Amino acid sequence: MARFDRYMLSQLMVLFGFFALILVMIYWVNRAVILFDRLIADGQSASVFLEFTALSLPNVIRIVLPVAAFVASVYATNRLSSESELVIVQATGFSNFRLTRPVLIFGCFVGLMMSILTHFLVPASITRLEERTGEISENITARLLTEGTFLHPSSGITFYIREISPAGELKGVFLSDATRDDETITYTAKSALLVRGDTGPKLVMFDGLAQTLQQEDQRLFTTSFRDFAYDIGALITSGGRKRLSVDELSTMALLFPSEENLTVTRKSAGAFAKEGHGRIAQALFCIVAALLGFTTLLLGGFSRFGLGKQILLAVFLLIVIKLIESAVTETVSKNAQLWPIIYVPAAFGFAAAWLMLFISSRPTLFKKRATA
């Protein structure tokens, strides 16, 4: 690799690392706030919160990689141009096509990172996240044993605990069961214990009162009890895994879907094709983003007034590519046979980058036509 290639590649990598870190932190904080509200409010520990945020990082990184590559390419090119470094290198005989080589290498490196994420890390993290979500859903202590707060674990159920002793005894228990249309039952007890039974967890209450209000005639019946077992298994969301998600499957399973996977996920062949080929297209998009950020700025040449117009053009092209991507993915999700069009956005990006290089290599092209 030539010295200039190493120099420019190092500039791109440093800037890419910086912008990627900033963008990941922004996305991560936004995601962490949502997770914090959902997990901590449900009584989960800080370790569970950190585990969930760590499992969400691969998907966050996948989102920011193309943007970071584009911004790094634009920033590095703009700086090299403003400091006349590109002009000096071009004066030594480097063509614009030759100058693109380190940017192409940089784009391929980012594309390789994207491939590792989309094909391996993201599916694995989503699978683990779903498993942990299922495990936490059956964590009775975290979901129900919250003292001093009225909880509504399911529709028609209100649960309250005044105090939880260090030994795990529940004191001052209130449970209202309004799941039936014809009556509402309210249980109050001095103390209670949570135990596991053959049919699920049970709440064993001691020294309490059961009040049954019949809705039809508004009659109230009261029953005192020394001990009473209430089955709360129905209040706890089943810890079993939900149906398999398309995001969890391997790329080969998506590209060549089996009837079993289609049945388990309850998704169409188009959804499989969109996700499988979309993973490959995302890596290509990283290369396109880096090339567009570089080649578009070459149109301006050296200017003391900056390259604002060229930067806006690069952003516009990137938006156009994303709009095309949204259109083709929606089409493929409806018809799996049209999967080749999933690569149209990347092809459009490569064609636009080549066109920018062609025009920038011939600065007098349009001037000659105007004179003629």
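Keep in mind the model is a prediction, meaning the values are calculated, not measured. (Residues numbered from 1 in each chain as written. Predicted model: local features only at pLDDT ≥ 70, side-chain atom pairs only at ≥ 80, totals over all residues. Heavy atoms only, no water.)

*Asks:* It is not clear to me how the nonpolar core should be interpreted in this structure. Could you clarify?
*Replies:* Across soluble globular proteins, you tend to see nonpolar side chains buried next to one another. Ranked by internal contacts, the top residues of the largest apolar core, which has 48 residues, are Met8, Phe16, Val103, Phe106, Val110 and Leu292. When contributions to this core are tallied by element, the ones reaching two or more residues are helix H1 (3–41), helix H2 (46–82), helix H3 (85–91), helix H4 (96–137), helix H8 (269–295), helix H9 (308–334) and helix H10 (344–361). Per-element accounting of this core gives the leading share, ten residues, to H8. Core analysis: the second largest hydrophobic core is formed by 16 residues, Tyr187, Ala189, Met205 and Tyr230 among them. (Core = buried A, V, L, I, M, F, W, Y, C linked by side-chain atoms within 4.5 Å. Buried < 20%, exposed > 50% of the residue type's maximum accessible area, 1.4 Å probe, protein only. Helix = DSSP H or I, 4+ residues; strand = E, 2+ residues; numbered from the N terminus.)

*Asks:* Help me understand the packing of H8 against H10 in this model?
*Replies:* Helix-helix packing: each pair is described by the crossing angle between the helix axes and the interaxial distance. The geometry of H8 relative to H10 is characterised by a closest axis approach of 9 Å and an angle of 20° between their N-to-C directions. Taken together, the axes of H8 and H10 lie roughly parallel to each other. Along this stretch, H8 crosses H10, giving a crossing that reads as left-handed. On H10, the residues touching Leu284, Ile287, Val288, Leu291, Leu292 and Thr295 of H8 are Ala346, Gly349, Phe350, Ala352, Ala353, Met356 and Leu357. The class makeup of the residues in the contact of H8 with H10 is eleven nonpolar, two polar and no charged. (Axes fitted to C-alpha atoms, helices over the stretch in contact; angles between N-to-C directions. Parallel < 35°, antiparallel > 145°, perpendicular 65-115°, else oblique. Left-handed = near helix turned anticlockwise from the far one by under 90°. Contact = heavy atoms within 4.5 Å. Nonpolar A, V, L, I, M, F, W, Y, C, P; charged D, E, K, R; others polar.)

*Asks:* Please clarify how the environment of alanine 327 should be interpreted in this entry.
*Replies:* In this structure, alanine 327 sits in helix H9. For alanine 327, a relative accessible area of 45% translates into the label partly exposed.

*Asks:* For this particular structure, what's the right way to read the pattern of salt bridges?
*Replies:* Where charged atoms from two side chains of opposite charge approach closely, those side chains can pair. The tally for this structure, following the rule as stated, stands at nine salt bridges. For the salt bridge of glutamate 51 with arginine 128, the shortest nitrogen-to-oxygen distance reads 3.9 Å. Taken as a pair, glutamate 51 in helix H2 and arginine 128 in helix H4 lie far apart in primary sequence, 77 residues in all. With a closest N to O distance of 2.7 Å, lysine 322 and glutamate 325 form a salt bridge. Of this pair, lysine 322 and glutamate 325 both sit in helix H9, three residues apart, which is roughly one turn of that helix. The partly exposed category is assigned to glutamate 325, whose relative accessible area is 25%. (Salt bridge = Lys/Arg side-chain N within 4 Å of Asp/Glu carboxyl O.)

*Asks:* Got a minute to help me understand the packing of H9 against H10 in this structure?
*Replies:* Close contact between H9 and H10 brings their axes to 8 Å; oriented N to C, the two are set at 155°. Accordingly, the angle class assigned to the pair H9 and H10 is roughly antiparallel. Crossing of H9 against H10: the hand is right-handed. Of the residues in H10, those in contact with Leu313, Leu317, Val320, Ile321, Ile324, Glu325 and Val328 of H9 are Val344, Pro345, Phe348, Gly349 and Met356. When grouped by side-chain class, the residues that make up the contact of H9 with H10 number ten nonpolar, one polar and one charged.

*Asks:* Could you clarify how one ought to interpret the environment of aspartate 227 in this entry?
*Replies:* By secondary structure assignment, the location of aspartate 227 is in strand S5 (residues 220–231). Since its relative accessible area comes to 51%, aspartate 227 is described here as exposed. Residues aspartate 227 and serine 191, spaced 36 residues apart in sequence, show a C-alpha to C-alpha distance of 9.6 Å. Ignoring anything within four residues of it in the chain, the contact list for aspartate 227 reads Met205 and Phe206.

*Asks:* Would you mind going over H8 with me for this structure?
*Replies:* Along an α-helix, residues three or four positions apart point the same way, because every turn accommodates 3.6 residues. With 27 residues, H8 extends 37 Å between its outermost C-alpha atoms, agreeing within 8% with the 39 Å of an ideal straight helix rising 1.5 Å per residue. Its axis deflected by about 30° at glycine 278, H8 carries its strongest bend there. Burial analysis of H8 places 22 of its 27 residues in the buried class, the great majority of the element. (Expected span 1.5 Å × (residues − 1). Bend = angle between axes of the 7 residues up to and from the residue.)

*Asks:* Even after reading the chapter, I still don't get the side chain of threonine 100, so can you show me in this structure?
*Replies:* Structurally, the position occupied by threonine 100 is in helix H4. Threonine 100 gets classed as buried once you look at its relative accessible area, which sits at 8%. The contacts of threonine 100, once residues within four sequence positions are left out, are Leu291, Phe294 and Leu357.

*Asks:* For this particular structure, what's the right way to read the packing of aromatic side chains?
*Replies:* The way to describe two aromatic rings as a pair is by their centre distance and the angle between their planes. Applying the stated criterion across every chain yields a total of eleven aromatic pairs. Ring centres 6.0 Å apart and planes at 75° place the aromatic pair phenylalanine 4 and phenylalanine 94 in the edge-to-face group. Placement of the pair is phenylalanine 4 in helix H1 and phenylalanine 94 in the loop between H3 and H4, with a sequence separation of 90 residues. Judged by relative accessible area, phenylalanine 4 falls into the buried class, the value being 13%. (Phe/Tyr/Trp six-rings, centres within 6.5 Å; stacked < 30°, edge-to-face > 60°.)

*Asks:* It is not clear to me how the confidence of the model for the protein chain should be interpreted in this structure. Could you clarify?
*Replies:* Keep in mind that low pLDDT regions are not for reading the predicted coordinates in detail. When the pLDDT values of the protein chain are averaged, the result is 87; 88% of them are 70 or greater. Looking over the protein chain, one finds the lowest element-wise mean pLDDT in helix H11 (residues 365–371), namely 53, and the highest in H8, namely 96. (pLDDT = per-residue confidence, 0-100.)

*Asks:* Hey, could you run me through H10 in this one?
*Replies:* The terminal C-alpha atoms of H10 lie 26 Å apart, and with 18 residues this matches the ideal 26 Å at 1.5 Å per residue to within 8%. Those residues of H10 lying buried are Pro345, Ala346, Gly349, Ala352, Ala353, Met356, Leu357 and Ser360. The arc enclosing the buried residues of H10, seen along the axis, measures out at 135°, which places them on a common side. (Arc of directions from axis to C-beta.)

*Asks:* Would you mind showing me how to read a nonpolar patch on the surface here?
*Replies:* On the surface, Phe18, Ile22, Ile26, Tyr27 and Ile63 cluster together into a nonpolar patch covering about 450 Å² of accessible area. When residues in the nonpolar patch are grouped by element, the largest group, four residues, is from H1. Residue placement: isoleucine 63 occurs in helix H2. When its relative accessible area of 31% is taken as the criterion, isoleucine 63 is described as partly exposed. (Patch = residues over 30% accessible without salt bridge, like charges linked within 9 Å, V, L, I, M, F, W, Y side chains within 5 Å. Areas by Shrake-Rupley, 256 points an atom, 1.4 Å probe, with all protein chains shown as cover.)

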